[in-house]
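Structural features, examined
These are the residues of each chain, in order.
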Amino acid sequence: MKKIEVSRRKFLQGSVSLCVYASSAMAMPLATTKTSKKNAEDVPYLCNMCRNKCAGFARVEENIITKLNPNHYFPKSRNMLCPKGNAAIQAVYDKDRLKYPLIRMGKRGDGRYRRVTWDEAYEYIKDKLVKIIDEEKDNRSTVAYCNGEGFNKDEYIKFFGSKLGSANFLDEGSICLNTKLGATQLTIGDVGEMDVAGSDYMIISGANRYESLITPDSVDMLHAKQKLVVLDPRCTMTAIKADEYLPVNPGTDLAFCLSMIYIAIKDELYDKAYVKTYFKDFDKLKKHILSKKYTAKWAESKTHIPAERIKRITKEFFAASHPLYYLGRRSVWSQNDFQFRRAMVLINALAGSINRKGGIIFGKPFHLHEEEINEPLYSNTVDRFDLDGIVYGSQKGGSWLNFREKIVTNTSPYPVKAMFIRKHNLMQNMPNIEKTKKMLNMMDLVVVLDTMPSDTAVMADVILPECTFLEREDMVVSFNRLEPSLALRNQAIKPMYESKSMQDILKGLGKKLSVPLFKVSAKHDADLQESIKNYGKEKAFTEGGYNMTELYKYDITTRNKKLITAQFGKKVYDSLKKRGVWHPYIDTQKEIFNNYYEYYPKEKRHYTVERNYKVHCYLKKLEKHGFDPIPAWNDHYDFKVPKEAFRVITGRYVTTTQSATANNEMLKDFQEENYLWINNDVADSLGIKLGDSVAVMSSVSSIVIKAYPTNKIAPQVLWLSHGFGIHAREMTHAFGKGASDNMILEDKFEKIYGCATMHETNVTIRKL
Amino acid sequence: MANYGMAFDYKLCINCHACEVACKEENGIDLGAKNHRLWIQEDALVKGDFWDLDRSEISFMQMQCQECQDAPCLKACPNGAIYVDENGIVRLHQDKCDLTRACMEACPYDARYVDEKNHVTDKCIFCADTRLARGETTTACQITCPAKLRYFGDLDDENSEISKVLKEREHFTLKPEAGTKPKLFYLK
Amino acid sequence: MKIGPLNIPLKEDFSLKSILGFEKTPLNMLIAVATLAMLAMFVIGVANYLVHGHEAYGVTRQHPWGLLIAVYIFFVVSSTGFCIVGSLGDVFGFKDFTMISKRAIFGSIVTILAGFAVIAFEIGHPVRMMIYNVISPGLTSAIWWMGTLYGLYLTFMIIEFYFLLNNDMKKAKIFGLTGLLVGLAAHSNLGGVFGFLNARTISNGVYYPTYFILTAFITGIYLSFIVMGFRYKLNFSDEKVKKLLEGLAKIQGLLISILIFFMTWKLLTDVYGGMPTRADVAHHMLHTGAFWTEVICAMLIPLAVILKDFGKSPVLMFWASLIGMVGIFFMRYNLVHDTQVKPLQMMKITEYQLPPEWIEYFPSATEIMIALGGLGLCILLYYVGTRAFNLDEEEGH
């Protein structure tokens, strides 16, 4: 029986404002499709609606995706798809998608583009790049490049970093979780993974696992027999569901942690055997903490959490058999962020919850072999500058705010003249949007690879339409440490319109750029000139690694097949093609209840592995740079808001992924615009009612947003979700809905990892 | 031949809306917030002052057609368009529906709405004409649920998971005073 | 006029000319223009509905029945009312009332046709309804019984009217009685549509089926005053007419008193019975203007006029009856709205809403146009009827 209803809106895709001179008559499937057809093709894929990857099967009928279902083979995603995962179909069939290569005609930001062929687009980029790199005498770092998508990031870096040679790569880490990764790495020598399912007592600070879903953590929390304690300045869904909710002043979680450490040491609650074996400089920690007198009473004055509760929870935590202080993220909040994340790691360590069940585990991830490429050496290339003045910083992803600041103030050691931006909505993703705009306007060339006409895309000179994740195969990925698995994103449907996968885009670009850029190097690079003299031009080019398409000699399917079969064998490859996933127990995994599976048998999970590591209490490098080598409280960390002002904090809805899902026609039905959460008593006194428009003013700018008076937020705090207030008219569903947090957030960053501190802006409000 | 029902471990719900999106995509429901076969409602609210909130009463309830064994909608339909199918699911002969909306008026659960695409009244039918028709054994909402709180199966089969869970755990139905004998159960 | 074996005695001068040949007084012109305007609105409203479907209406998932259902009820209650009044003379043989029988029976046909015209654009698939009403009847459905019986009723009314026109009082009586019984059954089933609603306790129970018959009689009497007022241009000097109207007014006084008694007890039991979703709705009703408009217009003003001199002021009664019909309209609207006003789901389903307290509904322009169109249609048909047929009692019978 075959029955596909096609009626709702079989809209013909016509010219959009973004693409004035372009038109096409490619039919789009309707918004939702009902089908009773049996034997449709089920293509295993990996979701990309957020950074967290879940596995699913796409039902494909006549090259149309009619439904997405969860993949029960994937240990990480536990046979579920979230609302965004389910609504990914709408991302594929979004009528506002970028469809063709475009070259800017009007001013940056006004959205006037002309449709061009891929070759024209490459040609345009080539001409500009040759000129720019020539001007900069082959300092390849004048071309900055950035990426906001988890998949293909390494390949993207190989192209622009290794092959093109730029040192200036930026990613979302410095506006996301670098402090957490850094704090864990520096304290226990690894970023680890948290065994939520194995923990019987869990404390979460701020991370909102029931609205910002992370698999398997969010799912495991639902089923684990554990006590859950949540600290948050807003009563989130996670707080509602917690066994105990501790309302806390924004940015003061560190004081709570310090007090826990103080009580644990003073009352000797910590795991003495563990500390003795693994801790380095425990005496320094002990002396420091005790001398600072971080008592519960003291912490109460900072956090607003009653001292008695702090004491009781500390006792309960250290008495539990598998306690875990969950290392959450939800961006970087304040200047003490790194110290706060480190204090959480230390608490876990004091409880002995490292490298064991229910703690931070090291596990045994599968290490995939790298595809080797030949990297050219550019002797005129200068190193990155965005980590100047930052203690550690991520050598990989850098510091966005420091980078931007140096550009717009002309204090960078050399000019950055071009920027390649892939799936990274700069105009929405970091505080102070005006500054981002200024930075982009200073570029001679901005190229955007994306699927949507985002606020950033409309600032580009050249837009290269990438296909969505359901239209492409990607390289195999290794997931998790406790129950490791491999997963492969297969191609569900062919790329729509003229969009291409990143690999195909880079391949085309590489073909166009390799020789002309080599010539620029040959002009300026003494080492290369020497090499040409010795080996001849051709050999210098090939053996020097100047062929930028080296990685793309084979198509992605062939590359995957070669890589996987070589390392794991054909059976694993077949499983990845058929089921999208492979793990050693895939044939014997069993359903425990209601479609919920046990993947690795308990005794086979990598709770504890052999590893030599130390818990570093004291970080000398920090002291050298004038920061606390052991987490400590400084007076300027105190939560203080002037009278009549508010501290604004951000987060997101369960149905949104930052600004990436803003235009999703399905998801907008749940959250069409964001509201400003304001304490109901405060709102009463200001005469503000649900839905009233209020102006929110900071030192940066102001926004207008609807109010939501609620008892679920502290009196001096305001909350709004990130990802709204889209400026690009081309995003027809999202344009003009709600307001953007980054319009008003002040662009401050902490100096240990160079991360933007998102919760340090005070604002005033006015009812309109 | 079965007697399908559903049980909800409702306290696990985190109101993520995955079920609703999956349902709309699976069953071709029109987009638009007002069109839905199922929804989650927030029972009670978080009460009190922010620093001392009472979260004890709030829960999130899975709402949809309750599959009444004594269905008011069926009795109210002037055209006999509503029937119980061989799997015990209250269904609609679409060609007989005249959109009097007597069924909407009669339903105590607000389960029905007007499907503007097909010009009939519509409600949850356990994916009977999509997933079940294709021989699958789960509903779209059930399989996608992160909490796996939706148990779906044959109430007449003693060995089905839903029968077992209903035997093991206390449960209740909605608006029992309406005498509709729902086949949707909420696990205490 | 003869159609096959049927003999339909039309007025001799019946023609388009006679239809347009009304006295061009300002009042008549006003009524004519208003009627045409309402008919034009009907066309616009229907066109809008045909293009946009139910989206053109203010009805929602929570409030699926709106103004047009209320107007349909308004018309069919009017029809039943006319039928009851008409039956007083030719069925039950109350001699004083025979002079209005033909006019009232014609009125009952006209009003139910107007009601059907309105409901046709409220039901999504009227044709499907007629087909499946026959081939797959929903015998447990009050709507099925109501619709089917009203269909039969209309047939009997037409037959009765035919015999009345031909002065065959015996056959008229047989069909009149059958029609009346079927009409009452149909009408009480309409009350049953609401009385069966187990989800809406405010309406559930025996009250509406009986109340509908009572209010139909009341409506019939108001309408009798109105049609007689137009017939005699408010000059009720004829003794026979005087007697008829005085009798009707006295009956009306009794009926309104009974209605007030019924309503008082309905409200007392609603409010003080304390049944959840019934008591609070009754409370809510008591605080709406629409409810008090109903009470004042449909009951108190006419009752005061009647009690003033026990129904001896027919001219005043004419005006009171017009007011009464406004009240009756609100009565129907309130019935439909108040049945649905209590949300079945009292909880928030999105973060940014307050828990729903009462369902909001206001008719859309399209609904209002179609509703007024129904009235226009009713007036037009009635007027054409007065030109085509002799609706007065024929002398010598």
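These numbers were taken from a predicted model, which means no experiment stands behind them.

Attention now moves to the overall build of chain C. Scanning chain C for helices and strands turns up 13 helices and 2 strands. When its C-alpha atoms are laid out on the principal axes, chain C stretches across 75 × 50 × 45 Å. Every one of the 397 residues in chain C was classed for burial, and the buried ones make up 47%. If you take every contact in chain C between residues at least 6 apart in sequence, the share linking residues at least 24 apart comes to 77%.

Turning our attention to the overall build of chain B. Of regular secondary structure, chain B possesses 5 helices and 10 strands. Relative to a compact globule of 188 residues, whose C-alpha radius of gyration would be 16 Å, chain B shows 17 Å and is just as compact. Taken along the three principal axes of its C-alpha coordinates, chain B extends 55 × 40 × 35 Å. Within the span of chain B, comprising 188 residues, buried residues form 56% of the whole. Of all intrachain contacts in chain B linking residues separated by at least 6 positions in sequence, the fraction that spans at least 24 positions is 57%.

Another point: helix 8 (residues 253-266) of chain A. All names here are of chain A. Taking 1.5 Å of rise per residue, the 14 residues of helix 8 would be expected to cover 20 Å, and the 20 Å separating its terminal C-alpha atoms lies within 8% of that figure. The buried fraction of helix 8 amounts to 13 of the 14 residues, a majority that puts the element mostly inside the structure. Following helix 8 by one or two positions, Glu268 adopts a phi angle in the positive range, close to 50°.

This part takes up the sheet that holds strand 28 (residues 717-721) of chain A. Residues and elements named next belong to chain A. Read around the closed barrel, 6 strands run 24-28-25-27-26-29, paired in mixed fashion. Across the sheet, the axes of successive neighbouring strands diverge by a mean angle of 45°, strand direction being ignored. Examined bridge by bridge, strand 26 (residues 693-697) and strand 29 (residues 761-767) share 4 bridges and lie antiparallel to one another. Counted as the bridge partner of Ala695 is Arg766 from strand 29.

This brings us to the nonpolar core. Ranked by internal contacts, the top residues of the largest apolar core, which has 392 residues, are Ile261 and Leu676 of chain A. Of all the elements, helix 3 (residues 67-90) of chain C adds the most residues to this core, at 16 residues. Taken domain by domain, the makeup of this core includes at least three residues from each of domain 1 (193-361) and domain 2 (635-767) of chain A. Each residue touching Ile261 of chain A, except ones within four places of it in the same chain, is listed here: Ile289, Tyr294, Ala343, Leu346, Ile347 and Leu350 of chain A. With 5 residues, the next largest nonpolar core counts Ile202, Val281, Ala282 and Met285 of chain C among its residues.

On to the interface of chain B and chain A, then. It is common to report an interface's size as the accessible area lost on association of the parts. Of the residues lining the interface, 41 residues belong to chain B; the matching set on chain A comes to 48 residues. Among the elements of the structure, helix 1 (18-27) and helix 4 (140-144) of chain B are those that each provide at least two residues to the side of chain B that touches chain A. When the residues that make up the side of chain B that touches chain A are grouped by side-chain class, the tally is 20 nonpolar, 10 polar and 11 charged.

What follows deals with the pairing of strand 9 (residues 201-205) of chain A. Residue and element names in this part refer to chain A. Where burial is concerned, most of strand 9 is hidden: 5 out of the 5 residues are buried. Along strand 9, one buried face is formed by Tyr201, Ile203 and Ser205 and the opposite face, lined by Met202 and Ile204, is buried too. When strand 9 meets strand 13 (residues 323-326), the two strands line up parallel, connected through 4 bridges. In the strand pairing of strand 13, Tyr201 is matched with Pro323. When strand 9 meets strand 10 (residues 227-232), the two strands line up parallel, connected through 5 bridges. Residue Ile203 lies in a different strand from strand 10, and its bridge partner there is Val229. Handedness of the β-α-β unit built from strand 9, helix 6 (residues 217-223) and strand 10 comes out right-handed.

The next subject is the sheet that holds strand 9 of chain A. Residue and element names in this part refer to chain A. Overall, parallel pairing links the 4 strands, which are arranged 11-10-9-13 in an open sheet. If you trace the sheet from one side to the other, it starts and ends with strand 11 (244-247) and strand 13, each paired once. Strand-to-strand twist across the sheet, computed as the mean angle between neighbouring axes with direction ignored, equals 15°. Running at roughly 130° to strand 9, helix 12 (residues 307-319) makes contact with strand 9, strand 10, strand 11 and strand 13 of the sheet.

Here we come to the confidence of the model for chain C. All names here are of chain C. Counting all residues, the mean pLDDT for chain C is 91, and 99% of those residues have values of 70 or more. For chain C, strand 1 (residues 2-3) is the element with the lowest average pLDDT, namely 74, and helix 12 (residues 314-340) is the one with the highest, namely 95. Predicted complex metrics record ipTM = 0.96 and pTM = 0.92.

Attention now moves to the packing of helix 3 (residues 118-135) of chain A against helix 17 (residues 502-524) of chain A. All names here are of chain A. Relative to each other, helix 3 and helix 17 sit at 25°, their axes nearing to 9 Å. Here helix 17 runs roughly parallel to helix 3, going by the angle between their axes. The hand of the helix 3/helix 17 crossing is right-handed. Between helix 3 and helix 17, the contacting residues are Trp118, Tyr122, Glu123, Ile125, Lys126, Leu129, Val130, Ile133 and Asp134 on the first element and Gly508, Leu509, Lys512, Leu513, Pro516, Leu517 and Val520 on the second. Counted by class, the contact of helix 3 with helix 17 contains 11 nonpolar, 1 polar and 4 charged residues.

Let us look at the environment of His606 of chain A. Residues and elements named next belong to chain A. By the element assignment, His606 lies in the loop between strand 22 (596-598) and strand 23 (615-616). It is 18 Å that separates the C-alpha atoms of His606 and Ser321, two residues lying 285 residues apart in sequence. Once residues lying within four places of it in the same chain are set aside, the contact partners of His606 are Ile361, Gly363, Lys364, Arg481 and Leu482.

Let us look at the environment of Gly725 of chain A. All names here are of chain A. Assignment of secondary structure puts Gly725 in the loop between strand 28 and helix 24 (741-744). A tally of 27 C-beta atoms within 10 Å means that Gly725 is categorised as buried. The sequence separation of Gly725 and Glu665 amounts to 60 residues, and the corresponding C-alpha distance is 16 Å. If we skip the residues at most four places from it in the chain, Gly725 touches Ile703, Gly738, Ala739, Ser740 and Met743.

This part covers the packing of helix 8 of chain A against helix 12 of chain A. Residue and element names in this part refer to chain A. Look at helix 8 against helix 12: their axes get within 10 Å of each other, and the N-to-C directions meet at 65°. The handedness of the crossing between helix 8 and helix 12 comes out as right-handed. Facing helix 8, whose interface residues are Phe256, Ser259, Met260, Ile263 and Ala264, helix 12 presents Ile310, Lys311, Thr314 and Phe318. By residue class, the composition of the contact of helix 8 with helix 12 is 6 nonpolar, 2 polar and 1 charged.

Turning to helix 5 (residues 126-135) of chain C, a few remarks are in order. Residue and element names in this part refer to chain C. Within the sequence span of helix 5, burial applies to Arg128, Met129, Tyr132 and Asn133. Down the axis of helix 5, the sector holding all buried residues measures 130°, keeping them to one side. Across from the buried face of helix 5, at angles greater than 90 degrees, the exposed residues are Val127, Val134 and Ile135. The inward-facing, buried residues of helix 5 contact helix 6 (142-165).

Of the consecutive residues Thr215 of chain A and Pro216 of chain A, the connecting peptide bond is found in the cis state with omega at -5°. Despite not being glycine, Asn63 of chain A has its phi angle at roughly 60°, a positive value. On the secondary structure map, Asn63 of chain A appears in the loop between strand 2 (55-61) and strand 3 (64-70). You will see that Arg101 of chain B, though not glycine, has its phi angle at about 65°, which is positive. Here Arg101 of chain B shows up in the loop between strand 5 (90-92) and helix 3 (102-106).

This part covers the environment of Phe185 of chain B. All names here are of chain B. Tracing the chain through its elements places Phe185 in strand 10 (residues 184-187). You can call Phe185 buried: it has 23 C-beta atoms within 10 Å. The sequence separation of Phe185 and Leu174 amounts to 11 residues, and the corresponding C-alpha distance is 8.0 Å.

The rules behind these values
- Residues numbered from 1 in each chain as written.
- Chains lettered and ligands numbered in written order.
- Predicted model: local features only at pLDDT ≥ 70, side-chain atom pairs only at ≥ 80, totals over all residues.
- Helix = DSSP H or I, 4+ residues; strand = E, 2+ residues; numbered from the N terminus.
- Buried ≥ 20, exposed ≤ 12 C-beta atoms within 10 Å, placed from the backbone.
- Contact = placed C-beta atoms within 7 Å.
- Rg over C-alpha atoms; globule rule 2.2 N^0.38 Å.
- Expected span 1.5 Å × (residues − 1).
- Pairing = 2+ DSSP bridges.
- Axes fitted to C-alpha atoms, helices over the stretch in contact; angles between N-to-C directions.
- Core = buried A, V, L, I, M, F, W, Y, C linked by C-beta atoms within 7 Å.
- Domains from an automatic or database assignment.
- Nonpolar A, V, L, I, M, F, W, Y, C, P; charged D, E, K, R; others polar.
- Right-handed = clockwise from strand over helix to strand, strands pointing away.
- pLDDT = per-residue confidence, 0-100.
- Parallel < 35°, antiparallel > 145°, perpendicular 65-115°, else oblique.
- Left-handed = near helix turned anticlockwise from the far one by under 90°.
- Arc of directions from axis to C-beta.

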